[in-house]
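# Structural features, examined
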Amino acid sequence: MKYISKKLTVEKISIQNVAKKFGTPAYCYSYTQLKKNINNFKKSFKSFSPLICFAVKSNTNISLIQEIKKFGLGADVVSIGELMIAIKAGVNPKKIVFSGVGKTSTELSYAIDKKILLINAESKSEVNEIDRIAKLKKKKVQIGIRLNPNTDAKTLTQISTGKKENKFGVNDKTFFEIVNYCKSSSNIELKCLSVHIGSQILDYKPYEKMLKVIDKIIKKINFKFEFIDLGGGMGISYNNDNNKLDYKKYNFAIKKFLKKHKSKIIFEPGRSIIANTGSLISKIIYIKKNGKKNFVILDAAMNDLMRPALYGAIHRTLPSIKKNNVLKKNYEFVGPICESTDKFTSLKNFQELKEKDIIVICDVGAYGMSLSSNYNVRPKPVELLIKGSKIKVIRKRQKHKDLI
Ligand code: LLP
């Protein structure tokens with residue numbers, strides 16, 4: 001996204017025109033950015049050609065998953081609903097992995113029927129349940145065990161998953177017990193060791209530590225895993241300061257690991273593939289002054305984009321038309337919902353705004369629409385995919401009649 005003759009533009013289309021044609025709030029995604037992200041990701045790890053399973057939770061739009069699939073990616077799912085979407089999008093089941101601490105019998109049974117690549121189990125009880133269902137169905141099921149490596153991902157506590165106090169995975173003692181259990185089961189084939197230590201990770205060192213923990217455990221149990229699933233979590237720069245994960249260093253650490261262990265690497269990236277492809281386009285309803293503060297009340301709210309309210313996340317916020325030589329003001333950008341957390345950001349020295357101006361909230365392609373809700377009976381925004389000068393509606397705006 002860039003300014004062309006002062007107009008904020010996605011590929012060849014100005015945001016102003018998108019807003020005029022499709023209304024606001026609207027999520028819009030850039031195909032070219034998506035392609036760039038996928039190719040970049042592949043290139044960064046090309047020496048060991050990993051299986052890249054897109055984390056569907058970050059964006060569940062079926063059209064986007066179809067596009068992602070065309071680049072050869074698989075899917076990482078965490079519920080039967082996500083699994084259904086991935087299959088409907090045409091993702092090869094042999095490229096689907098299923099994570100999550102609370103998979104129900106119905107979910108496990110469906111996954112087994114669909115013959116997906118791996119069910120990554122997260123407890124002894126889950127392994128027992130998989131074994132029971134597999135026996136009933138007279139099937140052999142490929143599983144992974146998710147290890148909790150007790151590694152601090154140095155990210156927000158709300159999105160940290162690899163420390164021993166987190167609910168995810170099993171500790172090394174339970175891991176050994178499950179490995180032994182699997183050896184004696186004729187319906188389970190243990191194929192994978194999986195980990196995922198958190199999200200929006202910017203420092204490669206926690207990954208390096210995580211690999212050391214895996215190395216130690218594999219040596220101790222002396223078991224050959226066909227796959228090592230390293231999860232996702234690769235952080236991106238949300239404020240254009242280029243502070244993102246150093247892929248070269250992460251790649252180097254994995255290559256070192258692979259010298260000792262000949263396994264196929266699986267990744268489960270979400271944010272790094274889709275976050276910076278998406279923007280939320282919104283219109284200013286009112287501008288009001290309360291004491292010293294200038295509030296810009298947008299028609300997008302916390303139900304459309306939860307990240308600021310939930311994690312204090314800050315997204316770049318830009319005017320759709322850049323104006324020079326106008327007054328600069330301090331603004332607080334908020335939504336219309338009756339909650340004080342319904343706030344996007346506060347910005348100083350922003351160009352003077354008017355009611356009905358269009359504002360763009362950037363890098364919302366991951367955990368934007370997928371975390372949205374119908375709070376306040378607010379219909380969900382339309383989703384648009386832009387490719388060059390073409391715009392495709394990839395999800396219609398919800399209507400009140402869908403909700404009432
Ligand atoms: N694999 C597993 C098992 C996961 O739990 C997650 C994310 C991923 C892969 C993908 O992680 P990514 O590459 O996107 O970082 N709603 C939060 C993020 C929650 C992440 C949950 N798990 C946010 O908006 O920042």
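Right, let's walk through the structure included here. Remember, predicted model here, so these are calculated numbers, not experimental data.

A few words on the pattern of salt bridges. If you walk through the whole model with that rule in mind, you get 21 salt bridges. The salt bridge partner of Lys124 is Glu177, with a shortest N-O separation of 2.5 Å. Note that Lys124 is positioned in helix H6 (residues 124–137) and Glu177 in helix H7 (residues 172–184), a separation of 53 residues in sequence. When the shortest N-O distance is used, the salt bridge between Lys173 and Glu177 registers 3.5 Å. Linking Lys173 with Glu177, this pair stays in helix H7, spanning 4 residues, or about one helical turn. Residue class for Lys173 comes out exposed when judged on its relative accessible area of 56%. Each member of the salt-bridge network shares a partner with another, and the members are Asp113, Lys137 and Lys139.

Its boundaries defined by the atoms lining it, the largest pocket holds a volume of some 1100 Å³. In terms of lining, the largest pocket is formed by 41 residues, of which the most central are Gln33, Lys36, Asn37, Lys244 and Asn276. Of all the secondary-structure elements, those providing two or more residues to the lining of the largest pocket are strand E2 (7–10), strand E4 (26–30), helix H2 (31–44), helix H9 (247–260) and strand E13 (278–290). With 8 residues, H2 is the single largest residue contributor to the lining of the largest pocket. Two domains share the lining of the largest pocket, each providing at least three of its residues, namely domain 1 (2–29 + 275–403) and domain 2 (31–272). In this structure, the second largest pocket occupies an estimated 740 Å³ of space. For the second largest pocket, the lining is made up of 36 residues, of which Lys57, Thr161, Phe168, His196 and Tyr367 are closest to its centre. Elements with a contribution of two residues or more to the lining of the second largest pocket: helix H10 (271–274) and helix H11 (307–311).

Before going further, it helps to examine the sheet that holds E2. Taken in spatial order, the 3 strands line up as E1-E2-E3 in an open sheet, and their pairing is antiparallel. Two strands lie at the open edges of the sheet, namely strand E1 (2–4) and strand E3 (13–14), each paired on one side alone. Summarising the sheet, E2 and E3 pair through 2 bridges and their orientation is antiparallel. Opposite Val10, over in E3, you have Ile13 as the bridge partner.

What counts as what
- Residues numbered from 1 in each chain as written.
- Predicted model: local features only at pLDDT ≥ 70, side-chain atom pairs only at ≥ 80, totals over all residues.
- Heavy atoms only, no water.
- Salt bridge = Lys/Arg side-chain N within 4 Å of Asp/Glu carboxyl O.
- Helix = DSSP H or I, 4+ residues; strand = E, 2+ residues; numbered from the N terminus.
- Buried < 20%, exposed > 50% of the residue type's maximum accessible area, 1.4 Å probe, protein only.
- 1 Å grid on protein atoms, 1.4 Å probe; cavity = no way out; pocket = protein on both sides within 12 Å on 5 of 7 lines; lining within 4 Å.
- Points joined across faces, edges and corners; volume = space filled by probe spheres on them.
- Domains from an automatic or database assignment.
- Pairing = 2+ DSSP bridges.

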